[in-house]
Structures are given as C-alpha cells and as structure tokens.
Amino acid sequence: MNSATVTALSTADWAVMACYFAFVIGIGVVLRRSVSSSDDFLLSGRSMPAWVSALAFLSANLGAQEVIGMGASGAKYGIATSHFYWIGAVPAMLFVGLFMMPFYYGSKARSVPEYLRLRFDEKTRGLNAVSFAVMTVFSSGISMYAMGKLFNLLLGWNLDVAMLASAGIVLAYTLLGGLTSAIYNEVLQFFLIVFGFAPLVWLGLRDVGGWSGLTAKLQTVATSQGFASDAWVRSWHHMGTAAANPVGVEWFGLVAGLGFVLSFGYWCTDFLVVQRAMAAESMTAARRTPVIAAFPKMLFPFLVILPGMLAIAMTASGGNVIPPKFDAAGKPLLDALGRTVLDFDLATPALLVKYFPAGMLGLGLTALLASFMSGMAGNVTAFNTVVTYDLYQGYVNKTASDRHYLNVARLTTVIGILVSIAAAYIAAAFNNIMDVLQLVFAFVNAPLFATFALGMFWKRTTGHGAFSGLLAGTLAAAVHHGLSLPAGAVAGVKGGYLGAVVHYPSELAQTFWTAILAWSTCFVVTAAVSLMTAPKPEAELRGLVLGLTPKPNDEDVSWWQRPTTLAIVVVACLVGLNVVFW
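Keep in mind the model is a prediction, meaning the values are calculated, not measured.

Cut-offs used in this document
- Residues numbered from 1 in each chain as written.
- Predicted model: local features only at pLDDT ≥ 70, side-chain atom pairs only at ≥ 80, totals over all residues.
- Heavy atoms only, no water.
- Axes fitted to C-alpha atoms, helices over the stretch in contact; angles between N-to-C directions.
- Helix = DSSP H or I, 4+ residues; strand = E, 2+ residues; numbered from the N terminus.
- Parallel < 35°, antiparallel > 145°, perpendicular 65-115°, else oblique.
- Contact = heavy atoms within 4.5 Å.
- Nonpolar A, V, L, I, M, F, W, Y, C, P; charged D, E, K, R; others polar.
- Left-handed = near helix turned anticlockwise from the far one by under 90°.
- Expected span 1.5 Å × (residues − 1).
- Buried < 20%, exposed > 50% of the residue type's maximum accessible area, 1.4 Å probe, protein only.
- pLDDT = per-residue confidence, 0-100.
- Phe/Tyr/Trp six-rings, centres within 6.5 Å; stacked < 30°, edge-to-face > 60°.

### Digging into the packing of helix α3 (residues 50–59) against helix α9 (residues 159–208)
- At a minimum axis separation of 8 Å, α3 and α9 run at an interaxial angle of 75°. It follows from the interaxial angle that α3 and α9 lie roughly perpendicular. Listed contacts from α9 to Trp51, Val52, Leu55, Ala56, Leu58 and Ser59 of α3 are Ile183, Tyr184, Glu186, Val187, Gln189, Phe190 and Phe191.
- Split by residue class, the contact of α3 with α9 holds 10 nonpolar, two polar and one charged.

### Structural notes on the packing of helix α1 (residues 11–32) against helix α17 (residues 360–396)
- For the pair α1 and α17, interaxial distance at closest approach is 7 Å and the crossing angle is 30°. The orientation of α1 with respect to α17, classified from their angle, is roughly parallel. Where α1 crosses over α17, the two elements pack in a sense that is right-handed. For the pair α1 and α17, contact is made by Asp13, Val16, Met17, Tyr20 and Phe21 and by Met360, Leu361, Gly362, Leu363, Leu365, Thr366, Leu369, Ala370 and Met373, respectively.
- For the contact of α1 with α17, the class distribution of residues is 11 nonpolar, two polar and one charged.

### So, helix α10 (residues 210–224)
- The terminal C-alpha atoms of α10 lie 22 Å apart, and with 15 residues this matches the ideal 21 Å at 1.5 Å per residue to within 8%.
- Along α10, the residues that are buried comprise Gly213, Leu214, Thr215, Leu218, Val221 and Ala222.
- Summarising the contacts, the buried residues of α10 are in contact with α9 and α15 (306–319).
- One or two positions beyond α10, positive phi appears at glycine 226, with a value near 85°.

### Brief notes about the confidence of the model for the protein
- Across the protein, the average pLDDT comes to 85, with 95% of residues at or above 70.
- By mean pLDDT, the top-scoring element of the protein is helix α20 (residues 463–483) (95), and the lowest-scoring one is helix α2 (residues 38–43) (76).

### A few points about the packing of aromatic side chains
- Across all of its chains, the model carries 28 aromatic pairs by this definition.
- Judged by centre distance (5.9 Å) and plane angle (85°), the ring pair of tryptophan 211 and phenylalanine 581 falls under edge-to-face. Highlighted residues: tryptophan 211 in helix α10 and phenylalanine 581 in the segment after α22 (563–580), separated in sequence by 370 residues.
- Exposure remark for tryptophan 211: the relative accessible area of 35% places this residue in the partly exposed category.
- Exposure remark for phenylalanine 581: the relative accessible area of 15% places this residue in the buried category.
- Judged by centre distance (6.1 Å) and plane angle (90°), the rings of tryptophan 251 and phenylalanine 252 are edge-to-face.
- A residue is classified by how much of its surface remains accessible, and tryptophan 251, at 48% relative accessible area, is partly exposed.
- Three or more aromatic residues joined by ring pairs form one cluster here, namely Phe95, Phe99, Phe103, Phe260, Phe264, Phe449, Phe457, Trp519 and Phe523.

Below you can see the structure in the form of structure tokens.
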C-alpha cells in the first residue's frame, strides 16, 4: 500500500456502512422526542442501567485515537503497549468506581468542574473548565484527523473534505439526541469493534503462523532497531533501562508516569468518562460502572494492539503493509537520524484492506467509523456540558430559563465541532496519534489528579491551594516539554521550543516524565499553599471529602454483584495477564 492506493468498495461494503449511518441517525431521531430539558440533553436524566453505562464508560475511551492509535503503538512498541490497559487503565478504573464515585455521584454535581466548585471555589472550577474544554476539542480533533486520513487513504477523498464530512455526521446525531444518543451509540460501537476486529486478528495470526510465527517475525523488527530479539513480545522483561525497550522508558517512569499519574489522572478526573458513570440510575450502579467496564478493557489489547504488531511483522518480512509518510513532493519522509518515517497510524486500516473481502471490509470500516464518531461525540457531549453549565451559566447568564440553556447547549455542540476541525491539523504533525493524546493528558489531567487526590482525601486542602497547584502543575508541564525533545524530532510541537536541554529516547518517555513533573509540582504547591490558607468549614464539605461522607450501602444487590467483589475478580485476572506476558 502506498500514498496513491485507493480502495474500491463493493456495493456490499457501502450497504453495511449505509445501514450503520441510518441506524445512528435513527437513534438520534427517536431520542429527540425525549429531550425536553438541558438535563435530558446534557446528563441523560441519570437513568442508565449499570451495564449500559459501563459499556459507554469503556467506549467513550474507545475512539479512533484508541483503535487506530493503539494499533500504531502496537507496531511501534509491541506488546508493551498493553501497559496502557493493564497498568494504565484497569487499576484506575477500579479506584474511581470504589473510592471516588461516591463523591461525584453523591454530591449531585453535574460535571467534574462543578464538583471542584463545591469542594474548593469558583476560580478552581473556572480554571479546570477552560483547560478541560481545550483538551476535549483537541481530543475530538485527533479523532477527526484519524478518520479523515482513513477516508483519504481508502477512498481517495481530499483530507479536508473527508474531515468535514465526518464531522457533519457526528454533529447530526449529537444535536438530535444529546448525551443519551451518544451513550447508546457507544454501546453499539462496542459490539461493532468486537465483531469487526476479532476476525481481523484471527486472519492475521493464521497467516503468520500463530503466536509463535508472529514472535519469530518480530525478532527481525526488534534486532533491526538494536533491541533484544524478544523486545516486541515481552511487556516487563526489558523495562530495567530505557535503552533496552522500544517504549524508551524504564519501569519507574512507566509505573509512575503512565500507571499512576496519567492513568489515574484520566480515568478518575476526566469528565468524558466520569460523565457516563454519573448517568447511572443509582449510587451502586455508578460504582459498578467502571468496575464492570474493566473486564472487557483487559481483553481489548488482543483486538486493537495485535493488528499493529501483525502489520509491522509483515512489513519487516517484505510485505510492506505499513506505508511511509510522504512529504509534499511525494517522497518518503526521513527523521533527524535518517530513518524512513513509517505511518504507524495506517497499520490497522492497511491490515483491514489486506484481509477483509467485500462485505467484511465494510464491517471493518464501519467499526473504525463507529469508533471515530463515538470518540468524537463523547468529547463533544462533555465539552457542551462543561461550557454550558460551568462557563456560560457560571459566568455569563446565571438566571436564564432551562429552554435557553438547552439552546446554548446545542449551539455549543456546533462550536465544539468547528474548533475540533482546527485541532485536527495539529494532530497531523505526529506519526502516532496516541502520542499527542497522551501529551495533552500530561498537561491537563496529570496536575488535576493531584488536586483531586488531596481534595477528596485531605479535608485541609483549600481553594487557594487547589488553584495555585493546578496552575503551577500545568506551567511545569509546559516548561518541561519546552526544554525537552524526543530522539529523531526537531524543535516545535514535539518540544524543545524553549531549548532542547533534556533528550528522551521516545515521545512517550518525554510525555511520562512531563506528567510526573506536572503531578508532583501540583501536589507540592497545593499542599504548601493549603497549609498557609484557611480551609472550608467541615459543614460545607459533607458529601465531598473522605471522613465526612457516608459510606456507600450496596445491600440492594447480591454479594457477587457488589463493586468490591467484582473488583477482586478483576485484580486476579489482571495479575495473571501480566505474569503470562512478562
């Protein structure tokens, strides 16, 4: 496959995609009748069963940047990419369900920034609302770029036209049904991903000779880049030093940067996913939501990472599955070290084109399109909630009618889509969209988790401390990123714009340490300023802080359905997976 390749879709492929689009729009049309207030449009009326909110909780993170980006990371880093799931997601999902959801759900806050207002003060809420709004449109833009690029590759569409067309589809069904429409489409997307990618993995593994055949082919990939022959198929074995593994980070940077700061920062504080749990029908359902979602989350590496590993193995064996990136003159791009820059984001789409026949290709492309639209709609629904409630109602018009806020929410949805288009062009500078997404999280979510950790579990934390810490943590991330540069990169969007003082072996290593520094700075500054300022009276902190909040009562469900029991089973499975792929 090269830059000139255009895939001819059959009538069956178009029919599958058309049925999906009709179903998506149909959901929005049906649900529009039940959207009569801003609460219906933005919060789903807190009426979702636990299994629905759990699949939505998982799928909100399963956008195009996850499906395509994890495939790209699988090709670039191998099975070590599983760390994004087994230490970079599941532990934090359990933590937010068991320990943080009682504060979110019990406080009746409509958003994460609103919880910050209740716990701290108005300025902390405002800072987080602005930074979160920026982050969501960046993430939405990444999804838009990924799918625009897919249309460009497979159908030969102009990239600009492709992004605008895909944005229009998302805008249509989000405007119609709001958050409820997004949630039900996320559930649909979950099953599309499973049924669309399971055959792809099976066909690829069969072609290379199973896991043993894949392992043998990946030895060439590893040794050609100066690593041990099994570096692409061992998750922990080579994490002793940064230079010994393709991720370019040692175990401490991985555990602290990804497993703690970035992971807990995202799953515990990002309103995009927390919003799904907050839409659950009860406190017990809200707590079970992330825990139930952890079960399929553990298995998704086999659906989204393995295609990338298969693609790089075949490319190294002469199959040329992953194409290079091309410059404006049509020549392959070279990095600062003179190596050809492979377009890792095309690893999974290229494998779909290679293996899927007519009809099946339509299903695979529909799964990718569903992941794009789900991820983008998830970001947009979180964006419009925060902008409508926390920024517009909070600072512009506090006394308008509910109908007015509903109209503002719909207008904000349109604005979010438009700003996302601009953000899509920034993503084009990276050859792995997961790298830029993790960098955005390092700036926004990493310091925010320090604020939440102190705020929820230390009643002495003050509003002045939280605001100062958030600001200091974000600035620390910017300074570190500006003074550091990953191998093979030039100063610019990848860092070094303040001077390349520190060099990292990979973009992920740079991101992990950016997140560690941001979290540490926020934690220290928040604690120091809190000790020097007056805290809120305990009466104002009830339901918001540990020790002043009633413990959740799960007596309404059987013991085997309780969040704690489910979490114990998840931990046992998680340990087993890490041991098997050590």
